[in-house]
Amino acid sequence: GIQVEQSPPDLILQEGANSTLRCNFSDSVNNLQWFHQNPWGQLINLFYIPSGTKQNGRLSATTVATERYSLLYISSSQTTDSGVYFCAVWHSGGYQKVTFGTGTKLQVIP
Amino acid sequence: DAGVTQSPTHLIKTRGQHVTLRCSPISGHKSVSWYQQVLGQGPQFIFQYYEKEERGRGNFPDRFSARQFPNYSSELNVNALLLGDSALYLCASSRQGVGARTEAFFGQGTRLTVV
């Protein structure tokens, strides 16, 4: 099956710093999304980005589908950015499957 | 508009029992999918339903089953519960189904504890 690897697995940032999270996937996909999971388990949509580049405030994302990777950029990090970030890919060979990445645990310290 | 709603939010069951979890999708969404998230890991895909038919399945035993109703809500059933079934169960809805470029939105989850 498809493999989805995220890096780094853990990241500690000083408030105000910038960071880049990476998601590599091993096969072609139909969809790709980035999520932030809060301490209560809620998965919050950040980007729906099967290809191209999008920006939303301090966050931006780029997916290069032909090279099978996606990047999530966080600029001017805030303590509220802390949590776990997941990428997830949708893929089908006639039958749908969804695979989440291994996650990046981000801690932003004041 | 209401988001994806799941019930109950928390549940405690005994080994060997059966459990039913419920999910109501966003209005206008016809696809529902289910995920299991064990503590410290990422969500694992269980099922996807679109227009009341199963359109995707993950690597879970036959103790796990699901269905989708005419109003597009869904139930996840787990039989013969094991301690290892303790997890956060997440439901997601999307407007379209397999192969479509459509964004998925998640509910707040049901936290199941098996004792």
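Refer to the structure above for everything that follows.
Fair warning: this is a prediction, and the values are worked out from it, not measured in the lab.

**Student:** Mind showing me how you'd approach the state of the cysteines here?
**Tutor:** Covalent bonding between the sulfur atoms of two cysteines defines a disulfide. All names here are of chain A. Applying the stated rule across the entire model yields two disulfides over all chains. In this model, C23 is linked to C87 through a disulfide, with the two sulfur atoms separated by 2.1 Å. Judged by the torsion about the S-S bond (75°), the C23/C87 disulfide is right-handed. Remark: C87 occurs in strand β9 (residues 83-92) and C23 occurs in strand β3 (residues 19-25); sequence separation between them is 64 residues. For the residue pair C23 and C87, the accessibility class agrees, reading buried in each case.

**Student:** Please clarify how the sheet that holds strand β8 (residues 69-74) of chain A should be interpreted in this entry.
**Tutor:** Sheets are built from strands paired through backbone hydrogen bonds, the pairs being either parallel or antiparallel. Residues and elements named next belong to chain A. Pairing is antiparallel in the open sheet, where five strands are placed in the order β1-β3-β8-β7-β6. Only two strands of the sheet have a single neighbouring strand rather than two, namely β1 (4-7) and β6 (52-56). For this sheet, the mean inter-axis angle between neighbouring strands, taken without regard to orientation, is 15°.

**Student:** Teacher, can you tell me more about the pattern of salt bridges here?
**Tutor:** Between side chains of opposite charge, a pair can form as their charged atoms come close. Residues and elements named next belong to chain B. Under the definition given, this model contains nine salt bridges over all chains. Residues D85 and R63 are paired through a salt bridge, measuring 2.8 Å at the closest nitrogen-oxygen approach. One end of the pair, D85, is in the loop between β8 (74-78) and β9 (87-94); the other, R63, is in the loop between β6 (53-57) and β7 (64-68), and 22 residues separate them in sequence. The same class applies to D85 and to R63, which are both buried. By sharing partners, the salt bridges in this structure join R22, R67 and E75 into a single network.

**Student:** Looking at this structure, how should I read the side chain of D81 of chain A?
**Tutor:** Residues and elements named next belong to chain A. Mapped onto the fold, D81 is located in the loop between β8 and β9. Only 2.9 Å separates the side chain of D81 from the side chain of R58, close enough to count as a polar contact. If near-sequence neighbours (up to four positions away) are discounted, D81 is found in contact with H36, R58, I74, L106 and V108.

**Student:** Explain the packing of aromatic side chains to me, please; I cannot follow it from the model alone.
**Tutor:** Any pair of aromatic rings gets described here by the distance separating the centres and the angle formed by the planes. Applying the stated criterion to the full structure yields nine aromatic pairs over all chains. Their ring planes at 80° and their centres at 6.0 Å tell us that F100 of chain A and F106 of chain B sit as a pair that is edge-to-face. Highlighted residues: F100 of chain A in strand β10 (residues 96-100) and F106 of chain B in strand β10 (residues 104-106), drawn from two different chains. Grouping residues by exposure puts F100 of chain A and F106 of chain B together as buried. If you follow R22 of chain A out to its NZ or CZ, it ends over the ring of Y69 of chain A, 4.3 Å from the centre.

**Student:** I tried to follow the interface of chain B and chain A on my own but got confused; where do I start?
**Tutor:** In many analyses, interface size is given as the accessible surface area lost on bringing the parts together. Opposite the 27 residues of chain B that make contact, chain A presents 21 residues. Surface buried jointly by chain B and chain A totals about 2,000 Å² across both partners, of which 49% is contributed by carbon and sulfur atoms. Among the residues of chain B in contact with chain A, R101, E103 and F106 of chain B are the three that bury the most area, contributing 27% of the side total. If you look at where chain B meets chain A, you find zero salt bridges. Run the count over chain B and chain A and you get eight residue pairs in polar contact (both at pLDDT 80 or more). Of all elements in the fold, only β4 (31-37), β5 (44-50), β6, β9 and β10 of chain B reach the threshold of two or more residues within the side of chain B that touches chain A.

Each value, and the rule that gives it
Counting restarts for each chain: residues are numbered from 1 in the order of the written sequence. Note on labels: chains are lettered from A, ligands numbered from 1, in written order. Only residues with pLDDT of at least 70 are given local features in this predicted model, and only at 80 or more are side-chain atom pairs given and counted; all residues enter the totals for whole chains, interfaces and linings. Computation of side-chain values: all heavy atoms of the structure, hydrogens and water removed. Disulfides are defined in this document as cysteine sulfur pairs within 2.5 Å. Going along the chain from the N terminus, every DSSP run of H or I of four or more residues is numbered as a helix, and every run of E of two or more is numbered as a strand. Buried residues are those whose accessible area, probed at 1.4 Å on protein chains only, stays under 20% of the maximum for their type, while exposed residues exceed 50% and partly exposed ones sit between those limits. Two strands qualify as a pair provided DSSP detects at least 2 bridges between them. What counts as an axis is a line fitted to C-alpha atoms, over the stretch in contact for a helix, and the angles between N-to-C directions run from 0 to 180 degrees. The term salt bridge refers to a side-chain nitrogen of Lys or Arg lying within 4 Å of a carboxyl oxygen of Asp or Glu. As used in this structure description, the phrase polar contact means that two N or O atoms lie within 3.5 Å; if the pair is within protein, one of them must be able to donate a hydrogen and the other to accept it, and residues adjacent in sequence are counted only when both atoms belong to side chains. For this analysis, residues touch if any pair of their heavy atoms sits within 4.5 Å. Centres within 6.5 Å make a pair out of two Phe, Tyr or Trp rings, where for Trp the six-membered ring is used; the pair is then stacked when the planes are under 30 degrees apart, edge-to-face when over 60, and tilted otherwise. Charge-over-ring placement is defined geometrically: NZ (Lys) or CZ (Arg) within 6 Å of the ring centre, and within 35 degrees of the ring normal. Values labelled buried area give the accessible surface lost by two parts on being combined, using a 1.4 Å probe and summing over both.

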